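# Examination of the molecular architecture
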Amino acid sequence: MSTLAEYAPLDGRILAGGQSLVPIMAFRMARPAHLIDINEVKGLDRLAVDAGYLSIGACVRHGAFHKPVVGGPLGPLLAYVAKHIAHYPIRMRGTFCGSLAQADPSSEWCLVSATLGAQLVIKSVRGERIVLTEDFLEGVMTTALQEDELLAEARLPLLPGDTKFGFYEFSRRAGDFAMCAALVVYRVVDGKITDARVGIGGAEDRARRIAEIEHVLNGRPPSHDLFVAAGEAAAIAIDPMEDAQTTAEYRRDLARAVTRRALEHSQQ
Ligand SMILES: Cc1cc2nc3c(=O)[nH]c(=O)nc-3n(C[C@H](O)[C@H](O)[C@H](O)COP(=O)(O)OP(=O)(O)OC[C@H]3O[C@@H](n4cnc5c(N)ncnc54)[C@H](O)[C@@H]3O)c2cc1C
């Protein structure tokens, strides 16, 4: 923390897996004067269950999740999502917390953290603070981190054993960043969906939970028509980004499709 406090104001940057920072440096889009390599810092590779949470330290790689790391539905959910991130070599270096710090709107881990309500433990020489993902992600590659702060750990809540999950993402080629992705988790009690959490990533400036979709789902039995209605709610609720290749209308259509397909996946 003291090294970070000393060098961050001198244009120092944390180096974790380097799978975003190094390409950005290679393109000369960032030229940090100092790199603070956290890879050898003891304890930052900790991945453990603590009091109802899966704690993911700053140096835990994407590849750590290739196999379920925890019992119940959370382990398989993370394993399923992980394989959508980039390519195998990138997953063996890039980190879960680095993805959150990078805050790419398409990041799968940002989507998981926002949808499940992860708590993020932020440390600096000034102490420790805990921030919810929804307050941490502020926009495209913008977070609540101060320059001298380390995202030390992400805490994902464990999911009840009867939780169903579904994930679907659309990208132009395998391994590319998603143009739109949806994650759904819910339980079915007395034949009706309850405790639905639905998040969308890649469509807006940050991944977030969409309450309008959850309202459509909660209290109703799962069915094809309900999933179509949830997709419609997604298309209406989002405020899509536009760029030279992609119109807002196209992203709305993607949101409609990925939401329905994530719900269909949850039934498999
Ligand atoms: C070809 C390619 C395809 C990719 N596809 C995807 C994809 O489909 N989905 C996806 O999500 N990502 C993708 N990525 C990005 C990859 O997942 C990165 O690993 C991730 O975005 C950043 O993690 P990192 O550990 O590599 O961070 P680094 O590159 O080391 O750092 C990224 C930024 O975060 C800061 N930082 C890192 N860790 C911390 C921390 N603990 N606390 C505070 N600041 C920190 C750094 O200072 C830097 O500014 C892709 C990358 C490449 C090269």
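You'll find the structure just up there.
The present account deals with the structure reproduced in this document.

Calculation notes
- Residues numbered from 1 in each chain as written.
- Predicted model: local features only at pLDDT ≥ 70, side-chain atom pairs only at ≥ 80, totals over all residues.
- Heavy atoms only, no water.
- Pairing = 2+ DSSP bridges.
- Helix = DSSP H or I, 4+ residues; strand = E, 2+ residues; numbered from the N terminus.
- Axes fitted to C-alpha atoms, helices over the stretch in contact; angles between N-to-C directions.
- Near = heavy atom within 4 Å.
- Polar contact = N/O pair within 3.5 Å; in protein donor to acceptor, adjacent residues only side chain to side chain.
- Areas by Shrake-Rupley, 256 points an atom, 1.4 Å probe, with all protein chains shown as cover.
- Nonpolar A, V, L, I, M, F, W, Y, C, P; charged D, E, K, R; others polar.
- Left-handed = near helix turned anticlockwise from the far one by under 90°.
- Contact = heavy atoms within 4.5 Å.

## Quick word on the pairing of strand E3 (residues 47–50)
- Judged from the four bridges that link them, E3 and strand E4 (residues 53–57) form a sheet pairing that is antiparallel. The partner of Val49 across the bridge, within E4, is Leu54.
- Once E3 ends, the chain turns through two residues before running back antiparallel as E4, passing Ala51 with a positive phi of about 45°.

## With respect to the sheet that holds strand E9 (residues 150–157)
- Overall, antiparallel pairing links the five strands, which are arranged E3-E4-E9-E5-E6 in an open sheet. Every interior strand has two partners, whereas the edge strands, E3 and strand E6 (127–132), have only one. Ignoring strand direction, the axes of neighbouring strands in this sheet form an average angle of 25°.
- Bridge analysis of E4 against E9 gives five bridges, and the strand direction is antiparallel.

## Describing the pairing of E6
- Sheet topology places strand E5 (residues 119–124) next to E6; six bridges connect them, and they run antiparallel. Bridged to Gln119 within E6 is Leu132.
- Turn length for the E5-E6 hairpin, with the two strands adjacent in sequence and antiparallel, is two residues.

## So, the site of the ligand
- Near the ligand there are 30 residues, and of these Ile14, Ser20, Leu21, Thr95 and Glu108 occur at the shortest range.
- Here an oxygen atom of the ligand sits 2.7 Å away from a polar atom, N or O, in the main chain of Gly18.
- Considering the ligand on its own, with 960 Å² of exposed area, one finds that the protein chains cover 89% of that surface.
- The set of elements that each furnish at least two residues to the shell around the ligand consists of strand E1 (12–15), helix H5 (96–102) and E9.
- For the shell around the ligand, the element with the most residues is H5, which contributes four residues.
- For the shell around the ligand, the per-class residue count stands at 13 nonpolar, 13 polar and four charged.

## A short note on the packing of helix H9 (residues 224–237) against helix H10 (residues 248–266)
- Where H9 contacts H10, the two axes come as close as 7 Å, and the packing angle between them is 145°. In this structure, H9 meets H10 at a crossing whose hand is right-handed. Touching His224, Phe227, Val228, Ala230, Gly231, Glu232, Ala234, Ala235 and Ile236 of H9 are Arg252, Ala255, Arg256, Thr259, Arg260, Leu263 and Glu264, all from H10.
- Across the contact of H9 with H10, the residue classes tally to eight nonpolar, three polar and five charged.

The values reported here are purely geometric and, on their own, carry no functional implication.
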